[in-house]
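# Results of the structural survey
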Amino acid sequence: KNFVQCIIRTGSPARPQYTAELMFLPPTWIKDNAVKITQEAPSGTGEHDYALLRITGVVSPAVVYPSKFPFLLTSLYPPQTGNDVLQAGYAAGFLGGITVQNDLYASSAYTKVGEVYTYGPNTIDLFSLGGSVVAQHGSSGGPIANTDGTLVGVIVTSTTGEDTASRILRALSTSYIIEDFEKERGKP
């Protein structure tokens, strides 16, 4: 507590706008991954790799706190192989520190759902997306939306490659996050 200050940046270029606090981080993820937190290039499957934050205020009096934040409806069902989706994030893998702080622009690309994976029986928990400009460090936590604008996943991992076209992003399905949250927390 009070060790890390969470600032949410929005816009393009990204600018500090809001303060936030951690509401939930799966205990299983902490147990399995705490030793990786300081690694330069940690690896993992993406299982339990999500967090819920609550916006607590603005970073300065110049920032107007909206009466309502924009949002995407959340799908209760995972996407299927071949579905068209939009992936988005703040891709920063080829940028330096000053550029990331001052000139980080949002990136997005249309792609199709590739392979689907499961952490347990008979569920689609993780799915892959073809390489695009979004396939860079910094895109983790970015949304995957289907063609009607419904959130179907959240970016968690990426393969490595010489360029973004040869990389594969992987995203947790929102149906997995909903189910895992209930298991990890003990209630819906």
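Figured I'd write up the structure that's included with this text. (Residues numbered from 1 in each chain as written. Predicted model: local features only at pLDDT ≥ 70, side-chain atom pairs only at ≥ 80, totals over all residues. Heavy atoms only, no water.)

### Points about the overall build of the protein chain
- Secondary structure assignment for the protein chain yields three helices and nine strands.
- Among the 188 residues that make up the protein chain, the fraction classed as buried is 34%.
- In the protein chain, the share of contacts with a sequence separation of at least 24, taken over all contacts with a separation of at least 6, comes to 63%.
- Accessible surface, the protein chain as shown: approximately 11500 Å² in total, 57% of it carbon and sulfur. (Helix = DSSP H or I, 4+ residues; strand = E, 2+ residues; numbered from the N terminus. Buried < 20%, exposed > 50% of the residue type's maximum accessible area, 1.4 Å probe, protein only. Contact = heavy atoms within 4.5 Å. Areas by Shrake-Rupley, 256 points an atom, 1.4 Å probe, with all protein chains shown as cover.)

### A word on the sheet that holds strand 1 (residues 6-10)
- Reading across the sheet, the three strands line up as 1-2-3 and stay open at both edges, with antiparallel pairing between neighbours. A single partner strand is all that each edge strand has here, and the edge strands are strand 1 and strand 3 (52-58). Strand-to-strand twist of the sheet, defined as the mean angle between neighbouring strand axes without regard to direction, takes the value 45 degrees.
- Inspection of the sheet shows strand 1 paired to strand 2 (residues 15-24) by five bridges, in the antiparallel sense. By the bridge assignment, isoleucine 8 is partnered in strand 2 with tyrosine 18. (Pairing = 2+ DSSP bridges. Axes fitted to C-alpha atoms, helices over the stretch in contact; angles between N-to-C directions.)

### Quick word on the sheet that holds strand 7 (residues 143-146)
- One closed barrel holds the six strands; their spatial order is 4-5-6-9-8-7, and the pairing between them is antiparallel. Taken pair by pair, the neighbouring strands of this sheet meet at an average axis angle of 40 degrees, ignoring direction.
- Sheet topology places strand 7 next to strand 8 (residues 151-158); three bridges connect them, and they run antiparallel. Counted as the bridge partner of proline 143 is valine 154 from strand 8.
- Strands in contact with helix 3 (residues 174-185) are strand 8 and strand 9 (169-173); relative to strand 9, the strand with the most contacts, it is inclined by about 50 degrees.

### Structural notes on a nonpolar patch on the surface
- Together, Leu76, Tyr77 and Ile178 line one region of the surface with nonpolar side chains, adding up to about 350 Å² of accessible area.
- Looking at the element boundaries, leucine 76 is found in the loop between strand 3 and strand 4 (84-89).
- Classification of leucine 76 as exposed rests on a relative accessible area of 56%. (Patch = residues over 30% accessible without salt bridge, like charges linked within 9 Å, V, L, I, M, F, W, Y side chains within 5 Å. Salt bridge = Lys/Arg side-chain N within 4 Å of Asp/Glu carboxyl O.)

### Overview of helix 3
- An ideal rise of 1.5 Å per residue puts 16 Å on 12 residues; helix 3 measures up with 16 Å between its terminal C-alpha atoms.
- The set of residues buried in helix 3 consists of Thr174, Ser175, Tyr176, Ile177, Asp180, Phe181 and Glu184.
- Glycine 186 sits one or two positions beyond helix 3 and adopts a positive phi of about 90 degrees. (Expected span 1.5 Å × (residues − 1).)

### Quick notes on unusual backbone geometry
- For the peptide bond that leads from serine 12 to proline 13, omega is 10 degrees, which places it in the cis range.
- Of note, proline 13 is situated in the loop between strand 1 and strand 2.
- We note that histidine 48 has phi near 65 degrees; this positive angle belongs to a residue other than glycine.
- Note on histidine 48: relative accessible area 9%, which makes it buried.

### With respect to the pairing of strand 7
- Here strand 4 runs beside strand 7; their pairing, made up of three bridges, is antiparallel. Residue leucine 86 lies in a different strand from strand 7, and its bridge partner there is alanine 145.

### Focus on the packing of aromatic side chains
- Here the structure, examined in full by the defined rule, presents six aromatic pairs.
- Between tyrosine 18 and tyrosine 65, the ring centres sit 6.3 Å apart and the planes meet at 90 degrees, which makes this aromatic pair edge-to-face. Of this pair, tyrosine 18 sits in strand 2 while tyrosine 65 sits in the loop between strand 3 and strand 4, and the two are 47 residues apart along the sequence.
- Accessibility expressed as a relative area gives 43% for tyrosine 65, which makes it partly exposed. (Phe/Tyr/Trp six-rings, centres within 6.5 Å; stacked < 30°, edge-to-face > 60°.)

### Regarding the environment of leucine 129
- Position of leucine 129 relative to the elements: it lies in strand 6 (residues 126-129).
- Taking the C-alpha atoms as reference points, leucine 129 and isoleucine 168, 39 residues apart in sequence, are found 5.8 Å from one another.

### Topic: the side chain of threonine 111
- For threonine 111, the location among the structural elements is in strand 5 (residues 107-117).
- Beyond its immediate chain neighbours, meaning those up to four positions away, threonine 111 contacts Asn83, Asp84, Val85, Gln87, Leu129 and Gly130.

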